[in-house]
Amino acid sequence: MPNIKSAKKRVLISKVENERNKAAKSALKTTVKKFDAAVEAGNKEQADSAYKAAVKVVDQAVKKGILHKNTAARKKSSMTVKMNKLA
């Protein structure tokens, strides 16, 4: 445990930020899994709405620095390919 006041504060702040990032990443994975489940079920309407939600969450993750922009582009591209195959 740090002795300096500012270092103690940074430990607390980094813990909060870590929890926030973990929650956001978990929500991202959940949204993508919902899209994959809709595609597997073959439900076009449900897959379409899940696709829009997943793309939005991926873009937000990039903005927050949780995902790298190229990783997000790859995820969105693969989701788009799955969506187009469903149609």
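Quick look at the overall build of the chain
Within the chain, the secondary structure is distributed over three helices and zero strands. Against the 2.2 N^0.38 benchmark of 12 Å for 87 residues, the chain shows a C-alpha radius of gyration of 17 Å, more extended than a compact globule. Burial statistics for the chain: of 87 residues in total, 21% are counted as buried. Taken as a whole, the chain presents about 6,500 Å² of accessible surface, with 54% of it coming from carbon and sulfur. Taking the 22 positively charged and 7 negatively charged side chains of the chain as two groups, their mean positions are separated by 10 Å.

A closer look at the packing of helix α2 (residues 44-64) against helix α3 (residues 69-86)
Two elements in contact, α2 and α3, have axes separated by 10 Å at closest approach and are oriented at 175 degrees. By the angle class used here, α2 and α3 are roughly antiparallel. On α3, the residues that touch Lys44, Ala47, Asp48, Tyr51, Ala54, Val55, Val58, Asp59 and Val62 of α2 are Lys69, Ala72, Lys76, Met79, Thr80, Met83 and Leu86. Counted by class, the contact of α2 with α3 contains 10 nonpolar, one polar and five charged residues.

Re a positive patch on the surface
Judged by side-chain charge, Lys25, Lys29, Lys33, Arg74 and Lys75 come together as a positively charged surface patch. Contributions of two or more residues to the positive patch are made by α1 (5-41) and α3. Considering every element that reaches the positive patch, the biggest residue donor is α1, with three residues. Tracing the backbone through its elements, the reader meets Lys33 in helix α1.

Side note on the nonpolar core
One finds Leu28, Phe35, Tyr51, Val58 and Met79 to be the most contacted residues of the largest nonpolar core, which totals 17 residues. If you list the elements that add at least two residues to this core, you get α1, α2 and α3. Ranked by the residues each element gives to this core, the list is headed by α2, at seven residues. Apart from the residues lying within four places of it in its own chain, the contact partners of Tyr51 are Phe35, Met79, Thr80 and Met83.

A short note on the pattern of salt bridges
On inspection of all chains with the given rule, the structure shows three salt bridges. Notably, a salt bridge pairs Lys82 with Asp36, separated by 3.0 Å at the nearest N-O pair. Placement of Lys82 in helix α3 and of Asp36 in helix α1 is noted, with a sequence separation of 46 residues between them. Two residues, Lys52 and Asp48, come together in a salt bridge whose shortest N-O distance is 3.9 Å. Residue Lys52 and its partner Asp48 are both found in helix α2; the two are separated by four residues, about one turn of the helix. With relative accessibility at 55%, the residue Lys52 sits in the exposed group.

Basis of the calculations
Residues numbered from 1 in each chain as written. Predicted model: local features only at pLDDT ≥ 70, side-chain atom pairs only at ≥ 80, totals over all residues. Heavy atoms only, no water. Helix = DSSP H or I, 4+ residues; strand = E, 2+ residues; numbered from the N terminus. Rg over C-alpha atoms; globule rule 2.2 N^0.38 Å. Buried < 20%, exposed > 50% of the residue type's maximum accessible area, 1.4 Å probe, protein only. Areas by Shrake-Rupley, 256 points an atom, 1.4 Å probe, with all protein chains shown as cover. Lys, Arg positive; Asp, Glu negative; His and termini not counted. Charge placed at Lys NZ, Arg CZ, Asp CG, Glu CD. Axes fitted to C-alpha atoms, helices over the stretch in contact; angles between N-to-C directions. Parallel < 35°, antiparallel > 145°, perpendicular 65-115°, else oblique. Contact = heavy atoms within 4.5 Å. Nonpolar A, V, L, I, M, F, W, Y, C, P; charged D, E, K, R; others polar. Patch = residues over 30% accessible without salt bridge, like charges linked within 9 Å, V, L, I, M, F, W, Y side chains within 5 Å. Salt bridge = Lys/Arg side-chain N within 4 Å of Asp/Glu carboxyl O. Core = buried A, V, L, I, M, F, W, Y, C linked by side-chain atoms within 4.5 Å.

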